[in-house]
Amino acid sequence: MTARSTRTGAEADAEDLDVEEVLALVNDRRDTGRTPGRASGEQVPPPTGPTQSDAARKPDAHHRATPWPQARDIAARAARAARAAGAPRSGTPTGHRAPTPVPLDAALGLTLAAPLTALTDLPSFDTSAMDGWAVAGPGPWDVRDEGVLAGHAEPQPLSDGEAVRIATGARIPPDTTAVLRSEHGRTDTQGRLHATRETKHGQDIRPRGQECRNGDQLLPVGTLVTPAVLGLAAAAGYDTLTAVPRPRVEVLVLGDELLTEGLPREGLIRDALGPMLPPWLRALGAEVIAVRRLGDDAEALHKAITTSDADLVVTTGGTASGPVDHVHPTLQRIGAELLVNGVKVRPGHPMLLARIKENQHLVGLPGNPLAAVSGLLTLAEPLLRTLAAHPAPEPYALPLRDEVHGHPHDTRLIPVVLRGDSAVPLHYNGPAMLRGIAAADALAVVPPGGARAGQELELLDLPWASAGIGVCFT
């Protein structure tokens, strides 16, 4: 299975850009229509779902929940508004979203916030492309006793009729005509070198500047840093890359019924989300700064949210209206703005997205594991992707092998495996089940009413199932 995301960007001046400009360049080159771009300083439109007070008063809040595609767009636009705000939070010398120099060994998966410009010619000197002999003039040639190795100073010039042993990557002696490969030369009884095939001028010599000249733009702003980009940057002389930093995420695990070890017992169950969410969030490009287990404690939740310095707070459970569901009351208490309050999707419809501060958000995930995954991909993924200035993945679809039942009014997300040119729905896809998604390659987006066999459905790749940068879980 191949990655559906590709590096994008646009030519830019050599000066550094802010994060909003980086994403604007990315979107200019690749607008999939999934997350419409807006100008810097845009505002998130009023949510179509219920407001805070509506949610508290209306018993039919679910029926006015946000449609699934619109919820994803709102999350992406919220991230753009947060970046546009860009103000440092209290106690921090600079804003989290400001582009920053990052060492090469920490830059994998980030987005370039400045063009990668050649700091030198590549190669920076004429170099041998093969093991063999550097030769001058027509043969046969007299061979010098000492050879030329990579990493050594410039060798002495060659005279016509002279040759010297040379290694791949070694500097070419001045006045060299060509490099004769080891397999294309022989020596006679007098030690003279003869070519066994025609030798052309400049053969197997990589001239200085063949790949680039000092000052050439190698990669534009908006390029995703892959292993190959790291290699190119190192070859070009870089020790750090100016990149958009990873969004910082704090995970708050709620629920008194959760165990962290051992078998379920006496009405208690194992916490599946605590182990699952942090690596999944890292695979989405986030830096997970803390995972905290709070139980069903309203005051602890209030303190954790109001003291968090993360770009995104993710809570698990407590998003419904039960006696110990404290997320909505806490958000109302701190004056947070609900941008998405319920989504028309199964599983996971009680999910929510709130703006806590101008540049800080909270995603409330349902407590059931597969429902939480649905919330993660519906709200957290587009928000984190946009904060990191990553391009939206190219949407793609495959036909279903089997019929899938749908919800009468809501989108369904169903785990599938990919077999050839079709998607095969998996069983064990209830909101509390992880058995299906643990074996899945993707989630199929099933429209209200269901889908017949052979019908093409949009697919959401899972990080470990794609061949892209998302495979990195560190």
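Residues numbered from 1 in each chain as written. Predicted model: local features only at pLDDT ≥ 70, side-chain atom pairs only at ≥ 80, totals over all residues. Heavy atoms only, no water.

As annotated in an unreviewed UniProt entry, the protein carries the name Molybdopterin molybdenumtransferase and comes from Streptomyces justiciae. Here the protein is described in UniProt, under the heading Catalytic activity (unreviewed entry), as follows: "adenylyl-molybdopterin + molybdate = Mo-molybdopterin + AMP + H(+)". The Pathway (unreviewed entry) field of the UniProt record for the protein holds the comment "Cofactor biosynthesis; molybdopterin biosynthesis." (UniProt positions renumbered as here; feature names shortened; annotations may be inferred.)

Asker: Even after reading the chapter, I still don't get the pattern of salt bridges, so can you show me in this structure?
Answerer: Pairs can form between side chains of opposite charge whenever their charged atoms are close. For the structure shown, the criterion picks out 14 salt bridges. Notably, a salt bridge pairs glutamate 250 with arginine 292, separated by 3.3 Å at the nearest N-O pair. One end of the pair, glutamate 250, is in strand 15 (residues 248-253); the other, arginine 292, is in strand 18 (residues 287-293), with 42 residues separating them in the sequence. The buried category is assigned to glutamate 250, whose relative accessible area is 6%. Two residues, aspartate 402 and arginine 401, come together in a salt bridge whose shortest N-O distance is 3.4 Å. One connected set of salt bridges, linked through shared partners, spans Arg72, Glu381 and Arg385. (Salt bridge = Lys/Arg side-chain N within 4 Å of Asp/Glu carboxyl O. Helix = DSSP H or I, 4+ residues; strand = E, 2+ residues; numbered from the N terminus. Buried < 20%, exposed > 50% of the residue type's maximum accessible area, 1.4 Å probe, protein only.)

Asker: Explain the nonpolar core here, please?
Answerer: The biggest cluster of nonpolar side chains holds 49 residues, and the ones touching the most others in it are Trp280, Leu281 and Leu353. Counting residues per element, this core draws most heavily on helix 8 (residues 369-387), which supplies 10 residues. Contacts of leucine 281, omitting those with residues within four sequence positions, involve Val249, Val251, Ala286, Val288, Leu376 and Leu384. Leu110, Leu112, Ala118 and Leu219 belong to the second largest nonpolar core, which has 18 residues in total. (Core = buried A, V, L, I, M, F, W, Y, C linked by side-chain atoms within 4.5 Å. Contact = heavy atoms within 4.5 Å.)

Asker: Can you help me understand the packing of aromatic side chains in this one?
Answerer: Centre distance and the angle of the planes are the two values used to describe a pair of aromatic rings. Taken as a whole and assessed by the stated rule, the structure comprises zero aromatic pairs. Its end group placed over the ring of phenylalanine 125, arginine 171 keeps NZ or CZ at 5.0 Å from the ring centre. In this arrangement the basic side chain of arginine 435 is found over the ring face of tyrosine 428, its NZ or CZ atom lying 4.0 Å from the centre. (Phe/Tyr/Trp six-rings, centres within 6.5 Å; stacked < 30°, edge-to-face > 60°. Lys NZ or Arg CZ within 6 Å of the ring centre and 35° of its normal.)

Asker: What exactly am I supposed to notice about the environment of valine 313 here?
Answerer: Residue position: valine 313 is located in strand 19 (residues 312-316). C-alpha separation for the pair valine 313 and valine 251, spaced 62 residues apart in sequence, amounts to 6.0 Å. With residues near it in sequence (within four places) discarded, valine 313 still touches Glu250, Leu252, Ser308, Ile356, Gln360, His361, Leu362 and Val363.

Asker: Any chance you could explain the pairing of strand 22 (residues 352-357) here in plain terms?
Answerer: In summary, the side chains of a regular strand alternate between the two faces of the sheet. Summarising burial for strand 22: five of the six residues are buried, a large majority. One ladder, built from four bridges, connects strand 20 (residues 337-341) with strand 22; its direction is antiparallel. Looking at strand 22, one finds that glutamate 337 is bridged to arginine 355. One ladder, built from five bridges, connects strand 22 with strand 23 (residues 360-365); its direction is antiparallel. In the strand pairing of strand 23, arginine 355 is matched with histidine 361. With antiparallel pairing between neighbouring strands as the criterion, strand 22 and strand 23 make up a hairpin whose turn holds two residues. (Pairing = 2+ DSSP bridges.)

Asker: Whenever I open this one, the sheet that holds strand 6 (residues 132-135) confuses me. Can you help?
Answerer: Each strand in a sheet pairs with another by means of backbone hydrogen bonds, the pair being arranged parallel or else antiparallel. Strands sit in the order 9-6-8-7-11-10 across an open sheet of six strands; the sheet is mixed. If you trace the sheet from one side to the other, it starts and ends with strand 9 (178-181) and strand 10 (185-187), each paired once. Put simply, the sheet's adjacent strands are angled 40° from each other on average, direction ignored. Taken together, the four bridges between strand 6 and strand 8 (residues 162-166) define a ladder with antiparallel strand orientation. For glycine 132, the partnering residue across the bridge sits in strand 8 and is isoleucine 166. (Axes fitted to C-alpha atoms, helices over the stretch in contact; angles between N-to-C directions.)

Asker: In this structure, what is going on with the environment of leucine 459? I would like to understand it.
Answerer: Along the chain, leucine 459 turns up in strand 28 (residues 456-461). Accessibility expressed as a relative area gives 4% for leucine 459, which makes it buried. Along the chain, leucine 459 and tyrosine 396 lie 63 residues apart, while their C-alpha atoms are 6.2 Å from each other. Apart from the residues within four sequence positions on either side, leucine 459 is in contact with Tyr396, Leu398, Val416, Leu418, Ala423, Ala442, Leu443 and Ala444.

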